[in-house]
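Summary of structural features
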Amino acid sequence: MLNAGRAPSQDDVALTAGQPIGHVVSVRGSQATVGLSTSPSPDGNKARSTVGKFLGIRAGHSLLIGVITKVSIEAPASAKDHGFHSTADLDLVGEIKQPATAQAQFQRGVTEYPAIGDPVLAIGARELRLVFNVASTSVIEIGRLQQDSTIGAYVDVNDMLSKHFAVLGTTGVGKSSGVVLMLQEVLRARPDLRVFVLDAHNEYGRPFGDNALVLDPRNLRLPFWLFNFEEIVDVLFGARPGTEDEVDILSEVIPRAKANYHQYRGAADRSMVRRGAAGYSVDTPVPYRLSDLVGLLDERMGKLENRSSRMTHHRLIGRIETVCNDPRYSFMFENANVGGDTMTEVLSQLFRLPPNGKPITIMQLAGFPSEVVDAVVSVICRLAFDLGLWSEGAAPLLLVCEEAHRYVSADRGIGFGPTRRSISRIAKEGRKHGVFLGLVSQRPAELDATILSQCSTLFVMRMTNDRDQAILQSAVSDAAANLLDFLPSLGTGEVFAFGEGVALPTRVKLKQLPPNLIPKSDIVSGAGADFVAGINEEFFTTVLKRWRGASTSQNGNFDDVRPVDQAAAAPLQPAQAPERDPNRPSLLKRPLSDRLDVAKAFQAPAKSSRLPET
Ligand SMILES: Nc1ncnc2c1ncn2[C@@H]1O[C@H](COP(=O)(O)OP(=O)(O)OP(=O)(O)O)[C@@H](O)[C@H]1O
Ligand SMILES: [Mg+2]
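Residues numbered from 1 in each chain as written. Chains lettered and ligands numbered in written order. Predicted model: local features only at pLDDT ≥ 70, side-chain atom pairs only at ≥ 80, totals over all residues.

A tally of regular secondary structure across the protein gives 22 helices and 19 strands. Residue pairs at least 24 apart in sequence account for 74% of intrachain contacts in the protein once pairs closer than 6 positions are excluded. (Helix = DSSP H or I, 4+ residues; strand = E, 2+ residues; numbered from the N terminus. Contact = placed C-beta atoms within 7 Å.)

This paragraph deals with the site of ligand 1. Close to ligand 1 lie 16 residues; Thr171, Gly174, Lys175, Ser176 and Ser177 are nearest. The greatest single-element share of the shell around ligand 1, amounting to 3 residues, is contributed by helix α5 (residues 175-189). Per-class residue counts for the shell around ligand 1 are 5 nonpolar, 10 polar and 1 charged. (Near = placed C-beta within 6 Å. Nonpolar A, V, L, I, M, F, W, Y, C, P; charged D, E, K, R; others polar.)

Let us now look at the environment of Val71. Take Val71: it is sitting in strand β5 (residues 62-72). Residues Val71 and Ala88, spaced 17 residues apart in sequence, show a C-alpha to C-alpha distance of 4.3 Å. In this structure, Val71 is in contact with Ser49, Thr50, Val51, Ser86 and Ala88, ignoring residues within four places of it in sequence.

Looking now at unusual backbone geometry. Note: most residues except glycine have negative phi, and most peptide bonds are trans. For the bond from Leu353 to Pro354, the omega torsion is 0 degrees, close enough to zero to count as cis. With respect to the helices and strands, Pro354 occurs in the loop between α13 (343-350) and β14 (360-364). If you check the backbone angles, Arg352 has positive phi at about 50 degrees while not being a glycine. Even without being a glycine, Asn356 presents a positive backbone phi close to 50 degrees. Structurally, the position occupied by Asn356 is in the loop between α13 and β14. For Asn356, a count of 10 C-beta atoms within 10 Å puts it in the exposed group. (Buried ≥ 20, exposed ≤ 12 C-beta atoms within 10 Å, placed from the backbone.)

This part is about the sheet that holds strand β10 (residues 152-156). Strand pairs in the sheet, formed through backbone hydrogen bonds, run parallel or antiparallel to each other. Here 11 strands make up an open sheet; going across it, the order is β10-β9-β19-β18-β17-β11-β16-β15-β12-β14-β13 and the pairing mixed. Two strands lie at the open edges of the sheet, namely β10 and β13 (212-215), each paired on one side alone. In this sheet, adjacent strand axes meet at a mean angle of 25 degrees when their direction is disregarded. Alignment of strand β9 (residues 139-145) against β10, held across 5 bridges, turns out to be antiparallel. Counted as the bridge partner of Arg144 is Gly152 from β10. (Pairing = 2+ DSSP bridges. Axes fitted to C-alpha atoms, helices over the stretch in contact; angles between N-to-C directions.)

Another aspect to go through is helix α14 (residues 370-390). In a regular helix each residue adds 1.5 Å, so 21 residues correspond to 30 Å; α14 covers 31 Å between its end C-alpha atoms and thus fits that length. Counted residue by residue, α14 has 15 buried out of 21 residues, so it is predominantly covered. Following α14 by one or two positions, Glu392 adopts a phi angle in the positive range, close to 50 degrees. (Expected span 1.5 Å × (residues − 1).)

Time to look at the pairing of strand β12 (residues 194-199). Of all 6 residues that make up β12, 6 are buried, and the element is covered over most of its length. Burial along β12 is two-sided: Arg194, Phe196 and Leu198 facing one way and Val195, Val197 and Asp199 facing the other are all buried. For β12 and strand β15 (residues 397-401), the ladder comprises 5 bridges, and the chain directions are parallel. By the bridge assignment, Leu198 is partnered in β15 with Cys401. Examined bridge by bridge, β12 and β14 share 5 bridges and lie parallel to one another. The partner of Leu198 across the bridge, within β14, is Met363.

What follows covers helix α15 (residues 417-429). Here α15 is 13 residues long and its end C-alpha atoms lie 18 Å apart, about the 18 Å a rise of 1.5 Å per residue gives. Among the structural elements, α7 (229-237), α14, β15, β16 (435-441) and α16 (449-453) are those in contact with the buried residues of α15.

Next up on the list: the environment of Ile73. Within the element layout of this structure, Ile73 appears in the loop between β5 and α2 (77-81). Separated by 14 residues in sequence, Ile73 and Thr87 have C-alpha atoms that sit 6.1 Å apart.

Let us look at the confidence of the model for the protein. Close inspection of predicted coordinates is inappropriate in any region flagged by low pLDDT. Summing up the model confidence of the protein, the mean pLDDT is 78 and the portion of residues at 70 or higher is 77%. Throughout residues 1-15 the model reports pLDDT below 50, and contacts reaching past four residues in sequence, or to other chains, amount to 25 contacts. Contacts of residues 271-276 to residues separated by more than four positions or lying in other chains number 7 contacts, the stretch itself having pLDDT below 50. (pLDDT = per-residue confidence, 0-100.)

Turning next to the environment of Pro285. Note on placement: Pro285 falls in the loop between α9 (270-275) and α10 (290-302). You can call Pro285 partly exposed: it has 19 C-beta atoms within 10 Å. Spatially, the C-alpha atoms of Pro285 and Asn228 are 7.3 Å apart, while their sequence positions differ by 57 residues.

In this section: the nonpolar core. Ranked by size, the top nonpolar core spans 156 residues in total, and within it Leu293, Ala384, Leu399 and Val460 carry the most contacts. Residue contributions to this core peak at 11 residues, all from α14. When near neighbours in sequence (up to four residues on either side) are disregarded, Leu399 contacts Phe196, Cys381, Ala384, Ile426, Val435, Phe436 and Leu437. (Core = buried A, V, L, I, M, F, W, Y, C linked by C-beta atoms within 7 Å.)

Our next topic: the packing of α14 against α15. At their nearest, the axes of α14 and α15 sit 8 Å apart, and the two run at 30 degrees to each other. Here α14 is positioned roughly parallel relative to α15, judged by the angle of their axes. Helix-helix and strand crossings are classified by hand; for α14 and α15 the assignment is left-handed. The segment α14 lies against α15, with Asp374, Val377, Ser378, Cys381, Arg382, Ala384 and Phe385 engaging Pro418, Thr419, Ser422, Ile423, Arg425 and Ile426. A class-by-class count of the residues in the contact of α14 with α15 yields 7 nonpolar, 3 polar and 3 charged. (Parallel < 35°, antiparallel > 145°, perpendicular 65-115°, else oblique. Left-handed = near helix turned anticlockwise from the far one by under 90°.)

Turning next to the packing of α7 against helix α11 (residues 307-325). Each packed pair of helices is defined by two parameters, the angle between the axes and the distance between the axes. Interhelical geometry of α7 versus α11 gives an angle of 85 degrees and a closest axis separation of 9 Å. Comparing the axis directions of α7 and α11 gives the class roughly perpendicular. Taken together, the residues of α11 that come into contact with α7 (itself represented by Val235, Leu236 and Phe237) are Arg319, Ile320 and Val323.

With that settled, consider the pairing of strand β18 (residues 494-499). Here β18 lies mainly inside the structure; 6 of its 6 residues are buried. Across 4 bridges, strand β17 (residues 457-460) lies against β18 in antiparallel orientation. Among the inter-strand pairings, Thr457 is bridged to a residue of β18, identified as Gly499. Looking at chain direction, β18 and strand β19 (residues 506-510) are connected through 4 bridges and run antiparallel. Bridge pairing links Glu494 to Lys509 in β19.

Right, here's the structure in full:
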């Protein structure tokens with residue numbers, strides 16, 4: 001990064017021309033040890049040499065910028081002879097060319113190395129502004145430099161996005177708050193960007209307010225036919241063992257169901273229709289109807305002589321029925337028998353194209369049945385990548401993944417393979433197609449190291465675990481690695497930023513968010529000091545409707561639950577049956593027990609038990 005600076009004022013020039021605070025006493029590679037002359041100077045804090053601060057070394061026509069990684073009073077004897085009371089180790093990270101002129105420029109890396117005796121200066125506001133390229137339109141301010149709170153901490157959005165970023169730190173240190181404020185700034189700098197947040201704890205809905213579409217199982221529509229084969233198998237079978245035969249059967253029947261549907265519709269794409277089932281793979285994202293799928297299974301079963309094969313088909317049909325009649329899965333199976341290619345609407349809603357004033361999608365994952373979350377995340381990440389791929393990156397998208405270690409764990413045995421592949425594909429190739437990744441995790445050691453290594457900008461917060469620190473040490477450059485030693489001592493809302501997005505490894509105090517923008521789940525957001533004392537029935541109403549919502553139909557709105565007193569006053573009524581897709585009962589033309597008498601299944605094959613045509 002080469003930055004052009006503004007013309008320096010008299011004051012500014014005076015800073016680099018100021019009195020040296022020490023001199024170089026030894027140089028080794030890109031590290032220099034400097035002897036510091038006296039105890040703290042009259043200008044106080046600015047001149048205090050502490051770890052993480054930047055110092056300048058005047059070397060020829062350049063001002064070399066180094067970050068202090070160690071301060072010590074164990075000055076070598078030679079340094080003491082020169083009157084130095086202490087030494088500081090510097091990692092040289094960049095240089096400002098022609099520092100006292102209007103042409104002053106900062107660049108990463110050093111071309112000139114310091115010599116013994118070169119003067120060392122406390123660098124000032126002007127140099128820091130040059131370093132962080134404040135004048136550029138693509139930089140955002142995320143907070144203040146810890147070194148000098150009068151100076152903003154700037155991140156280059158384009159560099160940060162295009163090579164992905166990660167926000168890492170122990171629980172409660174301010175990762176989600178940091179993500180909120182960064183996203184706000186990012187969207188200001190990049191109005192063309194859309195953001196999709198995989199919100200594991202339902203906490204991002206509030207901070208983004210009207211700028212975001214909040215999706216949960218009640219309003220999400222993600223038709224089952226958009227799931228690829230592995231994903232739909234995961235939804236139908238989960239980790240149930242011994243289902244290989246059923247999975248094989250499904251792989252044969254799904255392409256046929258797709259072909260049937262398109263033949264039936266006299267689809268516009270006649271070339272596909274002519275090719276019949278051969279035109280579709282199990283993964284082709286085209287609609288089909290569950291009734292066609294079950295009809296085909298039923299037809300196959302009717303022709304079978306082998307008793308165990310019949311039972312396998314029977315089990316498979318039963319499994320499909322169970323899942324698609326489960327109200328918790330209605331976001332996938334609504335209109336399962338109606339058909340209709342809604343892919344445009346689904347993609348348009350999910351990925352905010354056009355944004356219609358809401359460029360952010362918050363996918364609240366906490367309300368989904370736990371066994372389906374992995375498949376849903378996999379579908380979303382896959383669709384995001386494929387949309388970028390096939391649209392040649394025309395509409396850039398940032399995918400933010402909270403609790404990323406759940407989906408891309410270092411242990412390959414944990415998590416769902418297709419989700420890992422989808423995220424890893426974005427990490428490796430996403431930037432070519434305008435799909436960027438932001439990973440958030442409290443356990444970097446449990447994150448897939450390959451995927452973490454694709455994140456070129458790291459925002460690292462307080463971290464005490466040795467394993468987490470070791471992973472980061474190996475992920476960042478040597479200069480940055482020296483600074484990681486004091487990660488355990490960072491305060492809440494303090495962050496070390498490394499990598500592409502920032503000019504130098506920088507210690508930043510993030511901006512303070514107002515209370516209404518701090519990410520919190522809806523229930524917790526009401527909590528105050530007297531919250532527990534004031535808990536009432538309404539609290540339990542809210543908690544219980546969420547709790548029960550995880551296992552009952554929530555086609556209706558949670559918010560329309562009556563207040564507790566009214567509910568108590570109303571006479572008890574039989575529970576109302578959940579509203580069902582009117583076509584769902586006709587999925588199987590008659591109840592399973594009628595359609596397939598198990599006893600009959602063991603007899604010689606009867607005539608085909610094919611379902612009547614729809
Ligand atoms: N930038 C900030 N401005 C205001 N408050 C903050 C900020 N950062 C952190 N906090 C405070 O710290 C608390 C925890 O922050 P946050 O939820 O962002 O942490 P986290 O690292 O995401 O935690 P977890 O790992 O549990 O998700 C917040 O509720 C808030 O009170
Ligand atoms: Mg969080």
